[in-house]
Amino acid sequence: MSSSPTRFRHKALAALLAFALGGVGAHRLYLGLRAWWLPLAVTMVMVPLLFGVRNWYQTPPFFIAMVPVVAGFVHALVLALMPDEKFDARYNAGSVRRNGSGWDAVLVAIFTLFVGTTVLMTTLVLLFQTWFEHSLGLAR
C-alpha cells in the first residue's frame, strides 16, 4: 500500500486531511494509497466546467464534482473511527511508533458528521430540485 513503510502516519491528521481536502485526495496521498490522484482528477476536470455558467449548482459537473467531496467526508469518518490498532496495521505496518489517538480523532469525527451531513443533504436537495424542475419543464 505504501512506498515507504517506515514513515509514521497520524490517524487524526489523515482524518483531518480527508475532512478538509478530501475532494482533491490529499489524505490519500498522505496515506500512500494507490490512485491518490483520482479525486483530484475528477475535481480538476469538473470545476472549470462550472465557470461562467448560470445556476452552476444545478449542472451535472457540479454533482459529479461533489462525489469526491462527499467521499472525502465518508473516508474521514472511517479513518477517525477506526481503532488505532487497525489503522496502524494498515498504514503504519513498518513503523515502530503507534497511534494513541484520543479527543483529536473524536473532534474530527464530530465536525465531519456535522459538515459532511450538511454538504451531503444540500447536494441531494439541489439534485432533486434540479431533477424535478427538468421533469416538470420548469428549468430556467
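Each chain has its residues counted from 1, running along the sequence as written. Two thresholds apply to this predicted model, a pLDDT of at least 70 for residue-level local features and 80 or more for giving and counting side-chain atom pairs, whereas whole-chain, interface and lining totals are computed over all residues. Remark: hydrogens and water are excluded; side-chain values derive from all non-hydrogen atoms of the structure.

1. Considering helix 6 (residues 103–135)
Heads up, the rule is: Every helix listed is a DSSP run of H or I at least four residues long, and every strand listed is a run of E at least two residues long, numbered separately from the N terminus. The span expected for a helix works out to 1.5 Å for each residue beyond the first. Here a residue-residue contact requires only that any non-hydrogen atoms of the pair lie within 4.5 Å.
Given a rise of 1.5 Å per residue, 33 residues ought to cover 48 Å, and the 47 Å separating the end C-alpha atoms of helix 6 matches this to within 8%. Residues of helix 6 that are buried make contact with helix 1 (11–21) and helix 4 (60–81). Following helix 6 by one or two positions, Gly-137 adopts a phi angle in the positive range, close to 75 degrees.

2. Description of the packing of aromatic side chains
As a reminder of what qualifies: Whether two aromatic rings pair depends on their centres lying within 6.5 Å, for rings of Phe, Tyr and Trp, where Trp uses its six-membered ring; planes under 30 degrees apart make the pair stacked, over 60 edge-to-face, and the rest tilted. Summary of the burial criterion: residues with accessible area below 20% of their type's maximum are buried, those above 50% are exposed, and those between are partly exposed, where the area comes from a 1.4 Å probe applied to protein chains only. In our convention, an over-ring charge means Lys NZ or Arg CZ found within 6 Å of a ring centre and within 35 degrees of that ring's normal.
Enumeration according to the criterion identifies six aromatic pairs in this entry. Geometrically, the ring pair formed by Phe-87 and Tyr-91 is tilted, given 4.9 Å between the ring centres and 50 degrees between the ring planes. Within this pair, Phe-87 and its partner Tyr-91 are both found in helix 5 (residues 84–91), separated by four residues, close to a single helical turn. Each member of the pair, Phe-87 together with Tyr-91, is buried. Aromatic rings pair up to connect Trp-56, Tyr-57, Phe-62 and Phe-63 into one cluster. Over the ring of Phe-8 we find Arg-97; its NZ or CZ atom is 4.1 Å from the centre of that ring.

3. A few points about the packing of helix 3 (residues 38–46) against helix 4
Stated formally: Only C-alpha atoms enter the line fits that serve as axes; for helices the fit covers just the stretch in contact. Angles between N-to-C directions range over 0 to 180 degrees. By definition in this entry, angles of less than 35 degrees are roughly parallel, angles greater than 145 are roughly antiparallel, angles of 65 to 115 are roughly perpendicular, and the rest are oblique. Helix crossings are classified by the rotation of the near helix relative to the far one: an anticlockwise turn of less than a right angle makes the crossing left-handed, while a clockwise turn makes it right-handed. Under the grouping applied here, Gly and all other residues not named as nonpolar or charged are polar, the nonpolar ones being Ala, Val, Leu, Ile, Met, Phe, Trp, Tyr, Cys and Pro and the charged ones Asp, Glu, Lys and Arg.
Look at helix 3 against helix 4: their axes get within 9 Å of each other, and the N-to-C directions meet at 160 degrees. If you check the angle between helix 3 and helix 4, you find them roughly antiparallel. For the pair helix 3 and helix 4, the crossing hand works out as left-handed. Residues Pro-39, Val-42, Thr-43 and Met-46 of helix 3 form the contact with helix 4, whose own contacting residues are Pro-61, Ile-64, Ala-65 and Pro-68. Split by residue class, the contact of helix 3 with helix 4 holds seven nonpolar, one polar and no charged.

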